[in-house]
Amino acid sequence: MTNARVITITNLKGGSGKTSTAVPLACMAARTGKTVLLDLDPTGSAAQWHAAAGLDDLFACQRITDEQLAPTLQQLNASGEVQYVLLDTPPVAKEVTLQSMGEADLVLFPTHVGSGDLAQLVQTLGLLRLPLKANPALKYMVVLNHAGTMPAVTRETRQVVEEYGAAVATTEIPYRKTYIMAKGSRPTADWWHFEQLWREVQGALA
């Protein structure tokens with residue numbers, strides 16, 4: 001029996017785009033294998049989006065606490081049916097962030113371009129040392145959000161993150177009305193950036 005591949009979407013910074021990355025990626029993952037999204041954020045924003053958009057036909061979504069994470073993953077793996085599990089994490093929650101990264105095969109760090117989110121991103125990346133010590137094979141990537149409106153700022157943000165030593169996804173999620181208004185809606189052909197990001201995720205997991 002092969003365990004599900006676990007993808008954690010995290011950043012200590014609130015409003016960095018965790019949920020707006022997790023739900024579209026879960027939609028894309030569901031096209032290639034049975035997918036479950038676990039919502040660890042007490043606000044339940046991913047679960048609310050899932051319910052509002054009627055996404056049950058695409059993937060399952062469960063609201064859980066950090067105490068429920070390990071047994072829930074064990075249960076999903078025991079079913080032998082789930083191929084991908086995505087974890088949507090809360091902001092400003094170091095212990096939950098550490099725990100969810102420790103369960104992951106791949107960690108994604110959504111961050112907005114510009115200087116505003118970089119300090120929190122660096123702080124979040126600093127937490128990786130413990131999960132990496134426990135699992136040297138753990139992979140991770142920064143995903144640039146709200147990119148493209150100021151190309152120079154996007155390039156500079158990528159350069160700063162890469163100079164810090166973190167991998168940055170080639171796919172950048174632009175600041176577009178389609179994505180700003182996506183919460184509560186179903187995937188459309190306009191979500192192609194997330195299709196492209198999902199292909200990168202699959203490559204990282206291979």
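Residues numbered from 1 in each chain as written. Predicted model: local features only at pLDDT ≥ 70, side-chain atom pairs only at ≥ 80, totals over all residues. Heavy atoms only, no water.

Glancing now at the overall build of the protein. What the protein contains, in helices and strands, is 9 helices and 7 strands. Relative to the globule expectation of 17 Å for 206 residues, the C-alpha radius of gyration of the protein, 16 Å, shows essentially globular dimensions. With the C-alpha coordinates aligned to their principal axes, the bounding extent of the protein is approximately 45 × 40 × 30 Å. Within the protein, the proportion of its 206 residues that are buried is 50%. Of the contacts formed within the protein by residues at least 6 apart in sequence, a portion of 78% connects residues at least 24 apart. Of the charged side chains in the protein, 17 are positive and 19 negative; the average position of the first set lies 3 Å away from that of the second. (Helix = DSSP H or I, 4+ residues; strand = E, 2+ residues; numbered from the N terminus. Rg over C-alpha atoms; globule rule 2.2 N^0.38 Å. Buried < 20%, exposed > 50% of the residue type's maximum accessible area, 1.4 Å probe, protein only. Contact = heavy atoms within 4.5 Å. Lys, Arg positive; Asp, Glu negative; His and termini not counted. Charge placed at Lys NZ, Arg CZ, Asp CG, Glu CD.)

Take the environment of Phe109 next. On the secondary structure map, Phe109 appears in strand β5 (residues 106-112). It is 28 Å that separates the C-alpha atoms of Phe109 and Gly80, two residues lying 29 residues apart in sequence.

Right, let's talk about the sheet that holds strand β2 (residues 35-39) for a bit. The 7 strands lie next to each other as β3-β2-β4-β1-β5-β6-β7, forming an open sheet whose pairing is parallel. The two strands at the open ends of the sheet, each matched to only one other strand, are β3 (60-63) and β7 (173-174). As defined by bridge partners, β2 adjoins β3 across 4 bridges and the pair is classed as parallel. Within β3, the position partnered with Leu37 by the bridge is Cys61. Contacts from helix α1 (residues 18-29) reach β1 (5-9), β2, β4 (84-88), β5 and β6 (139-147) within the one sheet, and its direction differs from that of β4 by about 170°. (Pairing = 2+ DSSP bridges. Axes fitted to C-alpha atoms, helices over the stretch in contact; angles between N-to-C directions.)

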